[in-house]
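Per-entry structural report
One letter stands for each residue in the lines below.
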Amino acid sequence: MHIPRFTRTLMGAALLSLPLSLTAAVEQEPLLPLDDLRTFADVYNQIRIGYVEEIDDSTLLEYAIQGMLMSLDPHSVYLTKDAFEDLQSNTTGEFSGLGLEVGMEDGYVKIIAPIDGSPAAEAGLQTGDIILKLDKQPVKGMSLNEAIDEMRGPKGSEIQLTIGRPGETEPFEVTLKRDTIKVASVRERELEPGYGYIRIAQFQNHTGEDVSASLSKLKEKGKLKGLVLDLRNNPGGVLRASVDVADLFMDGGLVVYTEGRLANSDVRYEAQPADSTDGIPMVVLINGGSASASEIVAGALQDHGRAVIMGTNSFGKGSVQTVLPISESRAVKLTTALYFTPNGRSIQASGIEPDIQVERARVTAYDTSRQISEADLSGHLDNANGDAGRPASRSVNGLLATDNQLYEALTLLKGVNILGLRDKRARAAAALDSES
């Protein structure tokens, strides 16, 4: 089962995974350290008989497993029955919860990205927000699983989050109503005639097919001259889907490869030799909420020079997790490898650096409606080409005010096409000169 994801989803989880078998490796490992095991057994027994409250053996052993995995890295975790079910259902694009991608940072739950259309997104929660309290209960000291369990609940029930936001002097509170999260993996629209936009919110099992269908819809509107692929606040998803998406825009070549301690964790993923967009200019938008599978796509297209990467640095989740079921209802999510872009870059803890850095900002255009031109002057001469009056002034592109990064991406695509037309005209003129 391939389920790539860098962290937990409220309420679901997925991860980059590889089809690994640990049995052979375990058989070749040296014997377990008996002295250390005796120490563990002694500590376990002291807790068992002396802790202020009685804890049954099953719970105490589960705590030990959770602590062992949490000490490895932020992404290796023990999946209880509910968490394992959430992970399995999340790749279908529907689960119950708040619609948050979260991770652990300095003992607090950090929001990596709100999911499009979720209660969290509608409440205005942002990438980088820190959850300080849950229903007035401090998060500090909770494990990630414990915090997520607190945020679970029946559809329609409410929970109050106390949020700390970088740049804000005081925390603020927001009340969210739990709901069924239906993640629309892909959506598309035409920005202007000839310029398409595809947004991938999450990499699910059929995202590659959905992107292909979106491309077909855009082509039906007319010839595509440029495309924006929006991966902002996309926390990742299914590994195979990220390869399928990159494959759509590449004319063959390596998409990503993984390396780990086990021999069968070394895997290479190649694209087929057929670019379904015929090499049209592309801009890929990323930000700090773009992680895991999103970084695979951005890194592959950047290394192959297929697209201009624009926005801000991505999250930097370059490790691979494998889901290892230990029973029908429980599993271990274990970091088993690192992944690398085609040029051999490990983006772990560093992220993808955009080719063009564009911060998200609020931009207000000057009002030029009162400016006077020649056409406004009394007795002005008519246009020599017969054009009637002053051309209608264009309203400021709504993108400039609502999404400056997307506006810049569209502007870049237009510029590339203008330069391309100039080159074509220059070649055509040179051909005519040579014929004469």
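For clarity, every value in this text was computed on a predicted model and none was experimentally measured.

Conventions adopted
- Residues numbered from 1 in each chain as written.
- Predicted model: local features only at pLDDT ≥ 70, side-chain atom pairs only at ≥ 80, totals over all residues.
- Heavy atoms only, no water.
- Buried < 20%, exposed > 50% of the residue type's maximum accessible area, 1.4 Å probe, protein only.
- Helix = DSSP H or I, 4+ residues; strand = E, 2+ residues; numbered from the N terminus.
- Pairing = 2+ DSSP bridges.
- Contact = heavy atoms within 4.5 Å.
- pLDDT = per-residue confidence, 0-100.
- Phe/Tyr/Trp six-rings, centres within 6.5 Å; stacked < 30°, edge-to-face > 60°.
- Core = buried A, V, L, I, M, F, W, Y, C linked by side-chain atoms within 4.5 Å.
- Patch = residues over 30% accessible without salt bridge, like charges linked within 9 Å, V, L, I, M, F, W, Y side chains within 5 Å.
- Areas by Shrake-Rupley, 256 points an atom, 1.4 Å probe, with all protein chains shown as cover.
- Salt bridge = Lys/Arg side-chain N within 4 Å of Asp/Glu carboxyl O.

As a further point, take the pairing of strand β9 (residues 158-164). Of all seven residues that make up β9, six are buried, and the element is covered over most of its length. Where β9 meets strand β10 (residues 172-177), six bridges bridge the pair, whose relative direction is antiparallel. Across the sheet, residue Leu161 finds its bridge partner in β10, namely Val174.

The subject of this paragraph is helix α8 (residues 239-248). Of all ten residues making up α8, eight are buried, and the element is well covered by its neighbours. All of the buried residues along α8 are Leu239, Ala241, Ser242, Val243, Val245, Ala246, Asp247 and Leu248. Turning to α8, the residues buried within the fold contact β13 (195-200), α7 (207-220), β15 (251-260), β16 (267-273) and α9 (293-303).

This part covers unusual backbone geometry. Even without glycine at this site, Ser292 takes up a positive phi of about 55°. Counting through the fold element by element, Ser292 comes out in the loop between β17 (282-286) and α9. Since its relative accessible area comes to 0%, Ser292 is described here as buried. Phi at Ala349 takes a positive value of approximately 65°, unusual for a residue other than glycine.

All right, on to the confidence of the model for the chain then. Considering every residue of the chain, the mean pLDDT works out to 85; 87% of them sit at 70 or more. Note that residues 17-27 has pLDDT below 50 and, in this model, 31 contacts with residues that lie over four places away or in other chains. Here residues 391-396 scores under 50 on pLDDT; set against residues more than four positions off or in separate chains, the count is one contact.

A separate point is the packing of aromatic side chains. Inspection of every chain in the model, using the stated rule, returns two aromatic pairs. Taken together, a centroid distance of 5.2 Å and an interplanar angle of 15° make the contact between Tyr257 and Phe340 stacked. One end of the pair, Tyr257, is in strand β15; the other, Phe340, is in strand β20 (residues 331-340), with 83 residues separating them in the sequence. A relative accessible area of 15% means that Tyr257 is categorised as buried.

Our focus in this paragraph is the sheet that holds β13. Here we have six strands laid out as an open sheet, ordered β12-β13-β14-β17-β18-β21, and mixed in their pairing. Each edge of the open sheet carries a strand with a single partner, namely β12 (186-192) and β21 (356-357). With four bridges connecting them, β17 and strand β18 (residues 308-311) associate as parallel partners. Residue pairing in the sheet places Val284 in a bridge with Ile309 of β18.

A separate point is the nonpolar core. As a rule of thumb, soluble globular proteins bury nonpolar side chains together. Counting 42 residues, the largest nonpolar core has Ile198, Ile200, Leu229, Phe249, Val255, Val284 and Leu301 as its most contacted members. Among residues more than four places away in sequence, those in contact with Val255 are Val243, Ala246, Met250, Tyr269, Glu270, Ala271, Ile296, Ala300 and Pro342. In this structure, Ile131, Leu144, Leu161 and Ile163 belong to the second largest nonpolar core, which totals 20 residues.

A few words now on a nonpolar patch on the surface. A contiguous nonpolar patch, built from Val43, Ile47, Tyr51 and Val52 and spanning about 390 Å² of accessible area, is present on the exposed surface. If you trace the backbone, Ile47 turns up in helix α2 (residues 34-50).

Next up on the list: the environment of Val186. Inspection of the secondary structure assignment puts Val186 in strand β12. The spacing of Val186 and Gln204 is 18 residues in sequence and 9.5 Å in space, taken between C-alpha atoms. In this structure Val186 touches Ile198, Arg199, Ile200, Thr207, Asp210, Val211 and Ser214, once residues within four positions along its chain are discounted.

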